[in-house]
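# Architecture at a glance
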Amino acid sequence: TQRVLNATMKGARLCAQVYSGTGDEAYLAPASRTTAYVARQQRSDGSWPYAVDDARQWADNFHTAYVLDAYDTYQSCTGDRRFSGIKERGWKYYRENFFLDGRIPKYYADKVFPIDATACAQALLTLCRFGDIDTAVAVANWTVQTMHCPDGHFAYQVRRRRVVRIPYIRWASAYMYAGLSRLAYSLSYTAPAAA
């Protein structure tokens, strides 16, 4: 009964991926309808609320990025470009509102703290997907300098007065290594060939 938009869009992405892999048209219609539903929920500023018809009306960094990534995958798997404007408005909102000094991923558009490892990691994935490698490098450098712990794990959050260094494998460390790997791939893919 909960209508959480990032999860809804992830469902559309999955249907689009199955369609892309199998050619089974039965997956295309639900993917398209679901993508259109999420598009209708986009606010005029380009943001999406976390959920529809309940109190969870905030927009945050990584859930917005999930929606953007899912739109991009939907488009590439289906060839359906009807939602390009929706994706571009969402991307513009994301880039203009969720980064402090072009390098620190904010949790919410209007608050810096807490700075969460998931927002940092997902920022790397989304920035690379959308071709903003320079910002991804800046985010990676800041995150490694600020949240990387001596034993190799990444801190969970930076708060106003302290860093929470709890070693959450899935939420922080594994996700950060996935984001850093994506950035390394993007850098190697875009690097000029050696002479």
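A brief look at the structure comes next.

In total, this model carries 15 aromatic pairs according to the counting rule given. Judged by centre distance (5.1 Å) and plane angle (15°), the ring pair of Tyr 50 and Trp 58 falls under stacked. For Tyr 50, a relative accessible area of 18% gives the class buried. Assessed through its relative accessible area of 34%, Trp 58 is described here as partly exposed. Looking at Arg 95, its charged tip hangs above the ring of Phe 99, at a distance of 5.2 Å from the centre.

Ranked by internal contacts, the top residues of the largest apolar core, which has 54 residues, are Met 9, Val 38, Trp 48, Tyr 71, Tyr 94 and Met 147. Every element with two or more residues in this core is listed here: helix H1 (5-22), helix H2 (28-40), helix H3 (61-78), helix H4 (84-97), helix H5 (117-129), helix H6 (133-147) and helix H7 (169-190). It is H3 that contributes the most residues to this core, nine residues altogether.

In this section: the pattern of salt bridges. Under the defined criterion, the tally for this structure stands at eight salt bridges. With its nearest N and O atoms 3.4 Å apart, the salt bridge here joins Arg 129 to Asp 69. Of the two residues, Arg 129 is situated in helix H5 and Asp 69 in helix H3; the sequence distance between them amounts to 60 residues. Its relative accessible area of 33% is what places Arg 129 among the partly exposed residues. Judged by relative accessible area, which is 7%, Asp 69 ranks as buried. Close ionic contact of Arg 129 with Asp 72 constitutes a salt bridge, the shortest N to O distance being 3.1 Å.

Criteria and cut-off values
- Residues numbered from 1 in each chain as written.
- Predicted model: local features only at pLDDT ≥ 70, side-chain atom pairs only at ≥ 80, totals over all residues.
- Heavy atoms only, no water.
- Phe/Tyr/Trp six-rings, centres within 6.5 Å; stacked < 30°, edge-to-face > 60°.
- Buried < 20%, exposed > 50% of the residue type's maximum accessible area, 1.4 Å probe, protein only.
- Lys NZ or Arg CZ within 6 Å of the ring centre and 35° of its normal.
- Core = buried A, V, L, I, M, F, W, Y, C linked by side-chain atoms within 4.5 Å.
- Helix = DSSP H or I, 4+ residues; strand = E, 2+ residues; numbered from the N terminus.
- Salt bridge = Lys/Arg side-chain N within 4 Å of Asp/Glu carboxyl O.

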